[in-house]
Amino acid sequence: MTLPGSLDEAVAALTAMPAAVPVAGGTDLMAAVNSGLLRPAGLVGLGRINEIRGWQYQDGHALLGAGLTHARMGRPDFAALIPALATAARAAGPPQIRNAGTLGGNIASAAPTGDALPVLAALEATLVIAGPGGGRREIPIGHLLTGFDMLRPGELIGYVRVPLLHAPQTFLKATGRTGPGRAVASVAVVLDPARRNVRCAVGAVAPMPLRPLDAERWVASLIDWDGERTLAPEACAAFGDYVAAACIPDPAPGPDGADPGTLPPAALHLRRTVATLARRALGRALA
Ligand SMILES: Cc1cc2nc3c(=O)[nH]c(=O)nc-3n(C[C@H](O)[C@H](O)[C@H](O)COP(=O)(O)OP(=O)(O)OC[C@H]3O[C@@H](n4cnc5c(N)ncnc54)[C@H](O)[C@@H]3O)c2cc1C
């Protein structure tokens, strides 16, 4: 395994050895190796790259290093900066996973259950991608998650640029009945008073986080942005239902107008779960 000391050295190592794979905390990658799903020809370890293990401030944004661990993001100083991401980090697996697993690994794995992903989608974060020859390019996180843009050979996620909104934001996650673990559904809600909007993303119910844009616009129009920024419980409940119906829609009629039937019980249950999470997430953000 190669252990470069800088982002550009890591990119150079990957460019020189195209069959090699980057590894950060190894929590996802080594699980794939151990189960025989992946046999990388070489590994480029990112664990010694100090420049991506912290964060810095830049033009009203935080520039988060891809090597930040969940444990680090869960600490109070980070929570004061980006509360929803800290909450998601605290919910990401057991302590040994949070100590090793990183923000960059969570994004690159792009698992539907990745807890950081709905938060970053709601924050409209952008990724700073490091490429050969010291190159840097920025893409919205949604472009990577939807496959609209992909990491090219030798490229690495270097940083995540997140706007500092100085306003309430929440993340809530529902797990299976067997106890804490991967999300069955998760919801991030972010208030952006400067743009007078509410942004919401729902995780785990689709291959990538979903943004219920109509529900966002509707609820933002109800809020008195210059006043108390409170909403009646009924409005929060209606928002929850709106979000859930957008993410888990009723079956569409067939091409000949045939009766589409109703949602299967499991989908109906998931829709209720999303509605509850979205109602509570908005209520807490406005509390
Ligand atoms: C038991 C268990 C429970 C878990 N529970 C949760 C959970 O509740 N919530 C949750 O969100 N996740 C969970 N995870 C998943 C995992 O811990 C996270 O996705 C973690 O953030 C991955 O980070 P890593 O540094 O370990 O990535 P790695 O395993 O090192 O890498 C993962 C992938 O990302 C690539 N990669 C890593 N860093 C970069 C980079 N900077 N640029 C480009 N590519 C990169 C690697 O090549 C690899 O393909 C769990 C995992 C396990 C094993």
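In this text the structure is predicted, and so the values were computed from the model without any measurement.

**Q** Talk me through the domain arrangement of the protein; I want residue IDs and the actual numbers.
**A** In terms of domains, the protein is made up of domain 1 (50-163) and domain 2 (169-286). On a C-alpha basis, the centroid separation for the pair domain 1 and domain 2 is 23 Å. At the interface, 21 residues of domain 1 touch 21 residues of domain 2. Summed over both partners, the interface of domain 1 with domain 2 buries about 1600 Å², with 61% contributed by carbon and sulfur atoms. Inspection of the region where domain 1 meets domain 2 yields four salt bridges.

**Q** Break down the site of the ligand for me, with residues and values.
**A** The local shell around the ligand holds 33 residues, among which P22, G25, T27, L29 and T102 are the closest. A distance of 2.8 Å separates an oxygen atom of the ligand from a polar atom in the side chain of H70. Within the side chain of T102, one N or O atom sits 2.6 Å away from an oxygen atom of the ligand. Protein chains shield 87% of the accessible area of the ligand, which is 990 Å² for the free molecule. Those elements that provide at least two residues to the shell around the ligand are β1 (20-23), α7 (103-109) and β7 (156-163). Considering only residue class, the shell around the ligand consists of 15 nonpolar, 14 polar and four charged. For the shell around the ligand, the two domains that each supply at least three residues are domain 1 (50-163) and domain 2 (169-286).

**Q** Before we move on, could you go through the sheet that holds strand β4 (residues 61-65) and cite the residues and values that matter?
**A** Strand order across the open sheet formed by five strands is β3-β4-β7-β5-β6, with antiparallel pairing between neighbours. Sheet topology places β3 (55-58) and β6 (135-140) at the edges, where each strand pairs with a single neighbour. Ignoring strand direction, the axes of neighbouring strands in this sheet form an average angle of 25°. Across four bridges, the pairing between β3 and β4 is antiparallel. Directly across from W55, in β4, lies its bridge partner L64. Where helix α1 (residues 7-16) meets the sheet, it contacts β5 (126-131), β6 and β7, and its direction lies at approximately 140° from that of β7.

**Q** An account of the environment of A266 is requested, with residue identities and associated values reported.
**A** With respect to the helices, strands and loops of the structure, A266 is situated in helix α12 (residues 265-286). Given the relative accessible area of 61%, A266 is considered exposed. Linking A266 and G36, residues 230 residues apart in sequence, is a C-alpha distance of 32 Å.

**Q** Could you give me a rundown of the pattern of salt bridges, with the residues and numbers involved?
**A** Inspection of the entire model under this criterion finds 15 salt bridges. The shortest N-O distance in the salt bridge between K173 and D115 comes to 2.6 Å. Placement of K173 in strand β8 (residues 169-175) and of D115 in the loop between α7 and α8 (116-123) is noted, with a sequence separation of 58 residues between them. Between R211 and E124 there is a salt bridge; the shortest N-O distance is 3.0 Å. Remark: E124 occurs in the loop between α8 and β5 and R211 occurs in the loop between β10 (197-203) and α10 (213-222); sequence separation between them is 87 residues. With relative accessibility at 26%, the residue R211 sits in the partly exposed group. The partly exposed category is assigned to E124, whose relative accessible area is 34%.

Here is what the cut-offs are and how they apply
- Residues numbered from 1 in each chain as written.
- Predicted model: local features only at pLDDT ≥ 70, side-chain atom pairs only at ≥ 80, totals over all residues.
- Heavy atoms only, no water.
- Domains from an automatic or database assignment.
- Contact = heavy atoms within 4.5 Å.
- Buried area = accessible area lost by both parts, 1.4 Å probe.
- Salt bridge = Lys/Arg side-chain N within 4 Å of Asp/Glu carboxyl O.
- Near = heavy atom within 4 Å.
- Polar contact = N/O pair within 3.5 Å; in protein donor to acceptor, adjacent residues only side chain to side chain.
- Areas by Shrake-Rupley, 256 points an atom, 1.4 Å probe, with all protein chains shown as cover.
- Helix = DSSP H or I, 4+ residues; strand = E, 2+ residues; numbered from the N terminus.
- Nonpolar A, V, L, I, M, F, W, Y, C, P; charged D, E, K, R; others polar.
- Pairing = 2+ DSSP bridges.
- Axes fitted to C-alpha atoms, helices over the stretch in contact; angles between N-to-C directions.
- Buried < 20%, exposed > 50% of the residue type's maximum accessible area, 1.4 Å probe, protein only.

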